[in-house]
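Analysis of the macromolecular model
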Amino acid sequence: MQTKEITFKHVGQGIPRRDGDEKVRGLARYVDDLNIPDCWYGVAVRSPVAHGRLKTLRYDPAFDFDQVCVVTPEDIPGKNIVDMMGQDMPFLAHDLIRYRGEPLALVAAPTRQLAEQAAAHIQPDIDPLEPLYTLEEVIALHKTDRSKLDELSAQTIIKGSVDEGLAAADKVIEGEYWAGHQEQLYIEPQGMVAIPEKDGGVFLQGSLQCPYYIAPELIVTLGLPLEKIRVKQAAVGGAFGGKEEFPTLVAGYCALLAMKSGKPVKMVYDRCQDIRYSTKRHPAWMKYRVGLKNDGTITAIHVDFVLDGGAYTTLSPVVLYRGILHTTLGYNCEHVFVDGRVYRTHTFPDGAFRGFGAPQAIWGLESHMQECADALGMDAEVFRLKNYLRAGDKTGTGQVISAEMDPPAVMLETLKRSDFVNRRTLNTYGVPRDGKFFGVGVAFFGHGSGFTGDGEMRLQSKAALDLDWLPNGKPGVNIRISSTEMGQGTLTIMPQIAADGLKIPMACVDCPLPDTKYVPDSGPTVASRTAMVVGSTVYGAAEKMKALLEQYASDAFFGGHPCHLEDGVLTCSAVSQSQTFEDVARRLLEEKGMQRVVHQFKLPDTVVWDQKTFKGDSYPSYSWSANIVEVEIDALTLEIKLKKATSVWDIGRLMNPVLAKGQIEGGLTQALGYALMEKMGIRDGLFDADRMQTYVVPTSLDTPEFDIHFMEYPYPHAAPGAKGVGEIPMDGLAPAIANAIKAATGIRMNRIPITPESLWEAMPSTRKEIAS
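**With respect to the packing of helix α5 (residues 211–222) against helix α6 (residues 247–261)**
Put simply, α5 and α6 touch, their axes get as near as 10 Å, and they point 45° apart. In terms of their interaxial angle, α5 and α6 are classed as oblique. Helix-helix and strand crossings are classified by hand; for α5 and α6 the assignment is right-handed. Note on element contacts: α6 touches α5 through P247, T248, A251, G252, A255, L256 and M259, opposite Y213, I214, E217, L218, T221 and L222. Class assignment for the residues of the contact of α5 with α6 results in nine nonpolar, three polar and one charged.

**What to know about the sheet that holds strand β1 (residues 40–46)**
In space, the seven strands of this open sheet follow the order β3-β5-β1-β12-β9-β10-β11, with mixed pairing throughout. Only two strands of the sheet have a single partner each, and these edge strands are β3 (69–71) and β11 (229–233). On average, each strand axis in the sheet is tilted by 25° relative to the strand beside it, whichever way the strands run. By the bridge criterion, two bridges tie β1 to strand β12 (residues 265–268) in an arrangement that is parallel. The residue bridging W40 from the neighbouring strand is V265, located in β12. Its contacts with the sheet put helix α2 (residues 112–120) on β1, β5 (103–109) and β12, and the angle it makes with β1 is roughly 25°.

**Notes on the side chain of D650**
Inspection of the secondary structure assignment puts D650 in strand β27 (residues 640–650). Its relative accessible area of 0% is what places D650 among the buried residues. Beyond its immediate chain neighbours, meaning those up to four positions away, D650 contacts V410, Y622, S623, W624, M711, Y713 and K723.

**Quick word on the domain arrangement of the protein chain**
Many authors give the size of an interface as the accessible area that is lost as the parts come together. Split by domain assignment, the protein chain resolves into domain 1 (3–28 + 455–600), domain 2 (34–130 + 185–276) and domain 3 (284–453 + 611–771). A C-alpha centroid distance of 37 Å is found between domain 2 and domain 3. Summed over the shared surface of domain 2 and domain 3, the number is two salt bridges. D88 is paired through a salt bridge with R344; the nearest N and O atoms lie 3.7 Å apart. At the junction of domain 2 and domain 3, the tally comes to seven residue pairs in polar contact (both at pLDDT 80 or more). Of the residues forming the side of domain 2 that touches domain 3, the biggest block, four residues, is contributed by helix α7 (residues 271–276).

**Brief notes about the sheet that holds strand β16 (residues 436–449)**
One open sheet accounts for four strands, arranged β16-β26-β27-β30; its pairing is mixed. Strand pairing shows two members of the sheet lacking a second neighbour, β16 and β30 (705–710), which therefore form its edges. This sheet shows a mean twist of 15° between the axes of neighbouring strands, independent of strand direction. Of the strand pairs in this sheet, strand β26 (residues 621–634) and β27 are connected by ten bridges, and their pairing is antiparallel. Bridged to E632 within β27 is K641. Along the sheet, helix α18 (residues 733–745) makes contact with β16, β26 and β27, crossing β16 at roughly 155°.

**A short note on the pattern of salt bridges**
Taken as a whole, this structure holds 42 salt bridges when the rule is applied. Among the salt bridges present, the one from E183 reaches K280, with a minimum N-O distance of 2.9 Å. With E183 in the loop between β8 (171–179) and β9 (191–196) and K280 in the loop between α7 and β13 (284–292), this residue pair connects regions lying 97 residues apart in the sequence. Judged by relative accessible area, E183 falls into the buried class, the value being 1%. With a closest N to O distance of 3.1 Å, D339 and R341 form a salt bridge. For D339, a relative accessible area of 9% gives the class buried. By relative accessible area, which is 19% here, R341 ends up buried. Put simply, R17, D19, K23 and E485 are held in one network by salt bridges that share partners.

Conventions and cut-offs
- Residues numbered from 1 in each chain as written.
- Predicted model: local features only at pLDDT ≥ 70, side-chain atom pairs only at ≥ 80, totals over all residues.
- Heavy atoms only, no water.
- Axes fitted to C-alpha atoms, helices over the stretch in contact; angles between N-to-C directions.
- Helix = DSSP H or I, 4+ residues; strand = E, 2+ residues; numbered from the N terminus.
- Parallel < 35°, antiparallel > 145°, perpendicular 65-115°, else oblique.
- Left-handed = near helix turned anticlockwise from the far one by under 90°.
- Contact = heavy atoms within 4.5 Å.
- Nonpolar A, V, L, I, M, F, W, Y, C, P; charged D, E, K, R; others polar.
- Pairing = 2+ DSSP bridges.
- Buried < 20%, exposed > 50% of the residue type's maximum accessible area, 1.4 Å probe, protein only.
- Domains from an automatic or database assignment.
- Salt bridge = Lys/Arg side-chain N within 4 Å of Asp/Glu carboxyl O.
- Polar contact = N/O pair within 3.5 Å; in protein donor to acceptor, adjacent residues only side chain to side chain.

Written out as structure tokens, the structure reads:
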């Protein structure tokens, strides 16, 4: 589907959020707001140790367990596994325990208080084993004795001969970079409710990103066919990847309790539980070896990329894939070798988080590219512009950069708008001015749009449009997709796209929250794919619905003469007559009832990927950006203040510029926390910052001036031509800030978050004297 000759009326307009009013007024119904008669409340009995063998569960005889429902592994009707990648995680641990807080049993009761009391009266008897907690421990073994590590996933990228490339270099620059855990910290904690159905099935509703992850993944555990597992999204108060795969666990806990008790069962985490017992961003370690010619040419890039996967595999392999694919993205190099690995630790399993491995990779990449430029004595932008991928160049997997992308243009526009060349003359390079260090830093980066590799080919995403009666009693079109609204604007941009495909007013289009009883599988709401892939699928379905309406109107109103639908009016020039969309739709519904059309997404045949060799087209397309930041550091306290962030973004055709800008401002703020604030360690197997008082995130007082601009290079194979916007704002701010801190202080910080304390520790004694 080409986009060049299409004109749009709604797409590209800053239309207000359709769900904004109900959320501002407090009318949105989140899972904890659902008033379900005779609903019980569920809790988990959790392991007090991080690694051990469970011998037995001891039930306190002083407690009356007849008033509650208890589920143990023996009660699971199917297999006691979470049907995700690796299939190595049990729903309830029954022998080997791999993290502190791992569920051993489930309890439901008529009140939350009673359920918690019952759980407290079930005590596990465990033989403890030696735990492995941190990435630092992992890397020490990775460098010395890998046989002591449990590898969850591994993948390499090979292009050319990295040894030949390094041998041809005039200089080889090495560096190591670290990134820690990050908590999604969505406003609404995890929550699900399960309602047993009369036919033996179960109805699940809650806070989730991917309805068609939950339903298929519970087939094995619940022993039910797919048609008996119904999943519906409630209003979602933020997700950021944290409600991608994890809700399958909460849904499974609720379903197991509901099926045994015969009662609806709800589980809603409090904030402390949510931080302690939900997935985080993978901690990462990267080691770069880059070969350089004296003129700035990159001859070779060698990368070791290691992730801490936590206790179980979950989605770690695909996080690894996206991560390693971004470790060299943006730079033209004939000789590339990337060795990616994920290892097990005895901490809560890590999982999906906005960016999905790319923020860790680009943190290392853009920090090291600045080190390469500095080693050569080249200006940051000169080095990058010399080595940027251009149309016709190939990535590390051999993907050719297509002509509709122009990464250097994005960088040049950012340099211009930020006045980078003049502003960097104010860099202090370790000597404070008026009690402040000042620095300007840059990062350039791309982000793959859509599922990695052959993911979109395997998903075969579908969208349906139903001509039906809308809630206002008028005829209209319901968009039926499994893509969820979690704050990013799906419920607004999809009607914009459908209305343009149908050529009718947006008021005639609705997009209900997804329910697997009614919607086809459009794929998960992840991977920067919703606007590009699902939006294109909705547009294709809209064109089919338009053709259906035109054919019906031709037969019913215009004597078989062809007609054309435009601006909500069907016009037949042969008889000089017209009918409104509403009149035609009403008559069609009264005669034939609800009408459905379905469209399936298809990648162009030119997109080819070989998963075995990890070569080919890694993504259907790429979004591009450059971030240029100005940082001020108090010479006495070393408080780091981001003063300004200038950025230019190629995210394809803008669906809604207001929502896109909001996505970017929010993503940059989240990236600011990743770079400077959000520190999370492990203490006795638990996250040490497990509440808002200890897990520090940016507030409005911390956010800088954001100067955001767009350059539109539409993706030509999927109308309307969007590319990804949801994840890329996470990618570049951390290295840009670190590069600015080096320009300000002369110190390369290689670990995030960068705090005043870590900056002080990194300062040579002479600098400490200056600072104090």
